[in-house]
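Examination of the molecular architecture
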Amino acid sequence: MRVLSSLSPRSPWTLKTTTSLSLRLIPLALLTLDLSGCKHKAAAPKPPPQTVGIYTVHPHPLKTSTSLPGRVEAFEQAQVRPQVGGVILKRTFEQGTDVKAGQLLYVINPAPFKASYDQAKAQLLHAEAAALSIRAQLDRYRPLAAAHAVSKQDYDNTLSSARQAEADIAQAKANVDSAAVNLDWTQVRSPIDGRIGRMLVTPGTLVTAGQTTAIATVTRMDPIYVDVNLATSDMLRLRREFASGKLEKVSGNAAAVELTLEDGSHYDKAGQLRLTEVTVDPATGTMIVRAEFPNPDRLLMPGMYVHAEVAEGVDPKAITIPQPALQRDSKGDPFVYALDGDNKVTMRFVQLDRALDGDWVVMGGLNDGDRIIVEGLQKAHPGAVVKPIEKSADDKAKEGKPADAQPAHAG
């Protein structure tokens, strides 16, 4: 009976207690599994730092200049027009050659003007002959009038006739001079030294005095002008640099100017600023600046498009950065991503001067040895640690020279 009682089923209370204990142990087991999973995730390796290309800032001498588009203008240009009318008999110049002031270019038929000149001379002789007779009569009447041998009225009439005869002579002389001028104008001459263009009229053409169409154009090309439009802000800066002595000067107090031609070649002769227009164009905010260049080979021709560079001197400690490195925030302020000694990305605001030869000239915000990101900017953000690779001037990675070996500077 004792054996049977020991094998009897557990009481309901015992089963309830056991079941309750088992249910309490289940959440504990699940919590243990969850903690094990967390420990497994935390033990996963961190991703490697992103690789970026950097450029190390170093001050260096920089020759600065202002490049301005411009047009070549003639130093002097004369449009030759006839001063008298007539038929052109001949042309005496070679097209496209240099001519001198006073050189004969065209001959207009002089026959009618020679006849007018001869007629004017004959009238002068007639007036002089008439005056001779009146002068003789006046000389005879003068002592007689003093002795009251002739009436005062006769003497006054003779005196008046003598003076009128002198006026006739003066008029005749003026007519002779006018006829001589017209006769001389039948020989059309160059008014200036320069190079003459193509022939605009041929022999046999009838021309008129004061016509609007030129019969030849003579252009003086040495020296020659280049006119550029300069913004007023640039003009103010150039004037400050000129006053401080920073602006490079040539003869006198003129600033030096260099030219780049349409094909990209450099003009080998330096020019100088000669004139600044006294007014500003209100529509564009620019003013005309004129430079003068020697042009002995006639390489520069009026109407050519060129780029004029005003030399501003050399900055011995200029800081430049590649243009791809520059970014702007939501306000438009420029900044770059720089690295500190631990290769951590920092945001560095900079002050810009201008763009020059593919770089930005920086006035402030960077120091010697600072490292800035130029490639992989999309991978960088402030606070991130990156793996820098130094970039050379041609924007290629330097083999075997990681940026980590560079001296560390705080950002």
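Values in this document were obtained by computation on a predicted structure and should not be read as measured data.

**Quick look at the pattern of salt bridges**
Taken as a whole and judged by the stated rule, the model has ten salt bridges. Here Arg220 ties to Glu76 by a salt bridge, and the two come within 3.8 Å at their closest N and O atoms. Of this pair, Arg220 sits in strand β10 (residues 216–220) while Glu76 sits in strand β3 (residues 76–80), placing them 144 residues apart in sequence. Accessibility expressed as a relative area gives 29% for Arg220, which makes it partly exposed. Asp139 is paired through a salt bridge with Arg142; the nearest N and O atoms lie 3.3 Å apart. Here Asp139 pairs with Arg142, and both are found in helix α3 (residues 111–146), just three residues apart, close to one helical turn. Look at Arg142 and you get partly exposed, because its relative accessible area is 39%. When salt bridges with common partners are traced through the structure, they connect Asp98, Arg195 and Arg298 into a single cluster.

**Details of unusual backbone geometry**
Each neighbour pair has its own omega, and for Asp222 with Pro223 the value is 0°, a cis peptide bond. Among the structural elements, Pro223 can be located in the loop between β10 and β11 (224–231). Of note, Arg298 is a non-glycine position whose phi angle comes to about 60°, a positive value. Structurally, Arg298 can be placed in the loop between β14 (286–293) and β15 (305–322).

**A word on the sheet that holds strand β4 (residues 86–91)**
What holds strands together in a sheet is hydrogen bonding between their backbones, with the strands either parallel or antiparallel. The antiparallel open sheet is built from four strands, whose spatial order is β7-β6-β4-β9. In the strand order of this sheet, the two ends are held by β7 (187–189) and β9 (206–207), each with one partner. Direction of pairing for strand β6 (residues 104–108) relative to β7: antiparallel, over a ladder of three bridges. Paired with Val107 across the bridge in β7 is Gln187.

**Focus: the sheet that holds β10**
Across the sheet, four strands lie side by side as β3-β10-β8-β5; this open sheet has antiparallel pairing. Looking at strand neighbours, the two that pair on one side only are β3 and β5 (98–99), the edges of this open sheet. Judged from the two bridges that link them, β5 and strand β8 (residues 194–196) form a sheet pairing that is antiparallel. Residue Val99 lies in a different strand from β8, and its bridge partner there is Gly194.

**Some details on the confidence of the model for the chain**
Averaged over every residue, the pLDDT of the chain is 80; the share at 70 or more is 80%. Mean pLDDT per element in the chain: helix α1 (residues 2–6) is the minimum at 43, and β6 is the maximum at 95. Within the model, the stretch residues 1–21 combines pLDDT values under 50 with two contacts to residues more than four positions away or in other chains. Note on residues 396–411: pLDDT is under 50 here. Beyond four places in sequence and across chains, it has 32 contacts.

Rules used throughout
- Residues numbered from 1 in each chain as written.
- Predicted model: local features only at pLDDT ≥ 70, side-chain atom pairs only at ≥ 80, totals over all residues.
- Heavy atoms only, no water.
- Salt bridge = Lys/Arg side-chain N within 4 Å of Asp/Glu carboxyl O.
- Helix = DSSP H or I, 4+ residues; strand = E, 2+ residues; numbered from the N terminus.
- Buried < 20%, exposed > 50% of the residue type's maximum accessible area, 1.4 Å probe, protein only.
- Pairing = 2+ DSSP bridges.
- pLDDT = per-residue confidence, 0-100.
- Contact = heavy atoms within 4.5 Å.

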